[in-house]
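Below are the chains, spelled out letter by letter.
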Amino acid sequence: MLLEIKDLHANIEGKEILRGINLTVNPGEIHAIMGPNGSGKSTLAAILAGRKEYEITQGEILFEGKDLLDLEPEERAGEGLFLAFQYPIEIPGVNTQIFLRAAVNAVRKYRGQEDLDAMQFLKLVKEKTKIVELSDQLLKRSVNEGFSGGEKKRAEIFQMAMLDPKLSILDETDSGLDIDALKIVANGVNALKSPEKSTVVITHYQRLLDYIVPDFVHVLYQGRIIQSGGKELALELERAGYDPIKAQFAEAV
Amino acid sequence: MSTETQTIEALATQEYSAGFVTDIESETLPRGLSEEIVRTISAKKDEPQWLLEWRLKAYRHWLTMEEPHWLNAHYPHLNYQDIIYYSAPKPKEKLASLDEVDPKLLETYNKLGISIDEQKILANVAVDLVFDSVSVTTTFKAKLNEMGIIFCSFSEAVREHGDLVKQYLGSVVPYSDNYFATLNSAVFSDGSFVYIPKGVRCPMELSTYFRINTQDSGQFERTLIIADDDAYVSYLEGCTAPKFDTNQLHAAVVELVALERAQIKYSTVQNWYPGDKEGVGGIYNFVTKRGAARGESSKISWTQVETGSAITWKYPSVLMIGDNSIGEFYSVAVTNNAQKADTGTKMIHLGKNTRSTIVSKGISAGQGHNSYRGLVKVMKGAENARNFSQCDSLLIGNRCGAHTFPYIEVRNPSAKVEHEASTSKVGEDQIFYCNARGIGTEDAVSMIVNGFCKEVFRELPMEFAVEAQKLLGISLEGSVG
């Protein structure tokens, strides 16, 4: 098992957002987490990556058997967890390439690997930029500064490729993307797929799942996973919307 | 009138005590300031009459001045009678081994990657120099001598090159300039002197670091740099390693003179003791730095990285006298914990087509307060003067402050003066984003801050820039919770 979330409850400012999440991700699997706005999808992603504003009131998260909640965000990155941000942050003045090299070497250090020297790093950059069709010019600019929406998302997938994670969490990576950009991002994710690596795709729409085909689909609603299934569940949601499932859930509780 | 001033005046007006001069052989003069002290300092250094008179003029003028307090920070009235104005060599206690040195200091040295031998020198541990600094210094000096470059201590310059000193001393910062410069003029103990002859491009960065024998020139330093016609020099001030000096007041004076088409680049990395977290102790760095770009097409460029001191109060300035002359000021000032900085520049345009650039980056963390204060003055005769100023402030945390006080005075309608300012905050989002990519918080802050400062670091000589980056990291350590 790569990731195991058990009965996770979390609050922010006293308000309960997650109310008992259970989720298991095995190596090589792609999971989609869907759900209406405000259901707790991004909160789950943020907690996995290590944001501190949330208070975990109950439950645990294991990453390859280790207590994930015990690790700092940078340690989680080192362990092989990657979050592609819904809204990638701009860091003015910090060159993208310098940032990435710091990130790659920090993660390598954590994994007990040697630093990449400038030549090795550039080689890796060259190899990975191809995957997401990212222009070299973007790498010369400050981190995400002045990037278009599509460029930001592609840059996230590029970073993911560079950091070679075991588990990638894509938080609404499809939001704000036109169909061409969506395909590029999806192709990038698919190119990185392997039997050891897993992906959790968080999305509001089924659209992305035409390109990144999930093994499992989960519906998150009011802080709980209320339904799980195969990829056909996503299609059903696309057709009927969230209302039937919400109604079902309302009856059940 | 304060009691201090009265005491000073009482001392100043007292009879010349002949017996006092016989004390000349002793290493350290008693605490306090008087005309006798000024005379004694001058006598100890075998100074010519003209210099003694200059010092005395300064001293007498100083007595008529009031200690200024207009900066955007508070410091208590200083007791000038409690300062030792002369001691040679400076009697610092030699330590027997590194084991006796404050471990925190050693930790900082290690972070800076300073070799053990250098650490010993910096921490004042008695040591036989393994790397032969004497021979390094001599080889270096021989090479400069060949080119006619003079680079020596101020005292040596007074002895060996008295005419040059006499011609230029006080020509940019007159003895009456301001309270601390005037005090310095009266009591300065030593400092550096540089003269680059006509047409010579100094082949190496000149740094006080190479003059280990005179680096302890104390709290009243005086530096005078002259670049003759078509000459070029890049001068580095200070050592980048932190020195835990116990002197409270540092009142130095730096004068630069650039003649026809000459260029002077002056870089400072200042990392004096900033005091503890509560602001106890620490140095008052009240320094007067000014350059005169006298010659046509001459250029003076100041670059400073100020990370230390309890209070930094200085305005490295350029008088653009020659037509087409250029003044530049690039500054990074960091205030963490209880540190305060009130710094900036004065760009005075006198000649035609003079151009100045100001890039100031203020970083505040902890409860630090950072003020940029700058004056751009275009005089009547300065046709087509140009100035561009950019003042950016970066805040880390919620308890610090940034302030900007730009003054612009234009007396010629052809002038173009531009001022840009920005204030930003190192956001938790930015730090988290770095964390999520595997970069630890301190490295993240250091990266963001270095990115913010890069326009200034670009102006520093290569090795200096690297050390400045490390220093910045160290001085901001623990600033993000």
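Structure's up top.
Heads up: these notes are all about the structure in this document.

Reading guide: rules and limits
Residues numbered from 1 in each chain as written. Chains lettered and ligands numbered in written order. Predicted model: local features only at pLDDT ≥ 70, side-chain atom pairs only at ≥ 80, totals over all residues. Heavy atoms only, no water. Helix = DSSP H or I, 4+ residues; strand = E, 2+ residues; numbered from the N terminus. Buried < 20%, exposed > 50% of the residue type's maximum accessible area, 1.4 Å probe, protein only. Lys, Arg positive; Asp, Glu negative; His and termini not counted. Salt bridge = Lys/Arg side-chain N within 4 Å of Asp/Glu carboxyl O. Polar contact = N/O pair within 3.5 Å; in protein donor to acceptor, adjacent residues only side chain to side chain. Contact = heavy atoms within 4.5 Å. 1 Å grid on protein atoms, 1.4 Å probe; cavity = no way out; pocket = protein on both sides within 12 Å on 5 of 7 lines; lining within 4 Å. Points joined across faces, edges and corners; volume = space filled by probe spheres on them. Nonpolar A, V, L, I, M, F, W, Y, C, P; charged D, E, K, R; others polar. Axes fitted to C-alpha atoms, helices over the stretch in contact; angles between N-to-C directions. Parallel < 35°, antiparallel > 145°, perpendicular 65-115°, else oblique. Buried area = accessible area lost by both parts, 1.4 Å probe. Pairing = 2+ DSSP bridges. Phe/Tyr/Trp six-rings, centres within 6.5 Å; stacked < 30°, edge-to-face > 60°. Lys NZ or Arg CZ within 6 Å of the ring centre and 35° of its normal.

Here we come to the side chain of Lys45(B). All names here are of chain B. The residue Lys 45 is located in the loop between helix H3 (35-44) and helix H4 (49-63) in this model. Lacking a salt bridge, the buried Lys 45 has Asp 190 as its closest oppositely charged neighbour, with an N-O distance of 4.0 Å. Reaching out from Lys 45, the side chain makes a polar contact with the backbone oxygen of Ser 189 at a distance of 2.5 Å. When neighbours within four sequence positions are excluded, Lys 45 is seen to be in contact with Arg 55, Tyr 86, Ser 155, Ser 189 and Asp 190.

Turning next to the environment of Gly427(B). Examined against the element boundaries, Gly427(B) turns out to sit in the loop between strand S19 (416-425) and helix H11 (428-436). Exposure remark for Gly427(B): the relative accessible area of 22% places this residue in the partly exposed category.

Further remarks concern empty space enclosed by the protein. Under the defined criterion, the tally for this structure stands at 6 cavities of 30 Å³ or more. Here the second largest cavity is characterised by a volume of approximately 110 Å³. A class-by-class count of the residues in the lining of the second largest cavity yields 5 nonpolar, 11 polar and 2 charged.

Residue and element names in this part refer to chain A. Two elements in contact, helix H6 (residues 149-163) and helix H7 (residues 179-191), have axes separated by 10 Å at closest approach and are oriented at 10°. Taken together, the axes of H6 and H7 are roughly parallel relative to one another. Contacts from Lys 153, Arg 154, Ile 157 and Met 160 of H6 reach H7 at Ile 184, Val 185, Gly 188 and Val 189. Residues that form the contact of H6 with H7 fall into these classes: 5 nonpolar, 1 polar and 2 charged.

This part covers the interface of chain B and chain A. On the side of chain A, 27 residues touch chain B, which itself brings 17 residues to the contact. Here chain B and chain A share an interface that buries about 1,800 Å² over both sides, 67% of which is from carbon and sulfur atoms. When the area that chain B buries against chain A is broken down by residue, the three leading residues are Phe432(B), Tyr433(B) and Arg437(B), summing to 43%. Counting the contacts that link chain B with chain A gives 2 salt bridges. In this structure, the salt-bridge partner of Arg51(A) is Asp429(B), at a minimum N-O distance of 3.0 Å. Joining chain B to chain A, the criterion identifies 10 residue pairs in polar contact (both at pLDDT 80 or more).

Residue and element names in this part refer to chain A. With mixed pairing, 6 strands are arranged side by side in an open sheet as S6-S9-S10-S3-S11-S12. The sheet is open, and its two borders are formed by strand S6 (81-84) and strand S12 (224-229), each paired with just one other strand. The sheet shows a mean angle of 20° between the axes of neighbouring strands, taken without regard to direction.

Before going further, it helps to examine the packing of aromatic side chains. The relation between two aromatic rings is expressed through the spacing of the ring centres and the mutual angle of the planes. Residue and element names in this part refer to chain B. Taken as a whole, this structure holds 22 aromatic pairs over all chains when the rule is applied. The interplanar angle of 20° and the centroid separation of 6.0 Å between the aromatic rings of Trp 70 and Tyr 315 together place this pair among those described as stacked. Of the two residues, Trp 70 sits in the loop between H4 and helix H5 (103-112) while Tyr 315 sits in the loop between strand S11 (311-314) and strand S12 (317-320), which places them 245 residues apart along the sequence. Their ring planes at 55° and their centres at 6.1 Å tell us that Tyr 75 and Trp 313 sit as a pair that is tilted. Pair noted here: Tyr 75 is in the loop between H4 and H5 and Trp 313 is in strand S11, with a separation of 238 residues, a long-range link. The pair formed by Tyr 75 and Trp 313 is uniform in burial state, with each residue classed as buried. Joined through ring pairs, the aromatic side chains of Tyr 59, Trp 62, Trp 70, Tyr 75, Tyr 80, Tyr 179, Phe 180, Tyr 284, Phe 286, Trp 313 and Tyr 315 make up one cluster. A cation over an aromatic ring shows up here: Arg 55 above the ring of Phe 188, its NZ or CZ 4.0 Å from the ring centre. Over the face of the ring belonging to Phe 452 we find Lys 361, whose NZ or CZ atom lies 5.0 Å from the ring centre.

All right, on to the sheet that holds strand S10 (residues 299-306) of chain B then. Residue and element names in this part refer to chain B. The strand order across the open sheet built from 8 strands is S3-S5-S8-S10-S13-S15-S17-S19, with neighbouring strands paired in parallel fashion. Edge strands, defined here as strands with exactly one partner in the open sheet, are strand S3 (206-207) and S19. Note that S3 and strand S5 (residues 232-237) share 2 bridges and pair parallel. Considered in S5, the bridge of Leu 206 is made with Tyr 235. Against the sheet, helix H12 (residues 441-457) engages S10, strand S13 (326-335), strand S15 (355-364) and strand S17 (386-395), with an angle of about 155° to S15.

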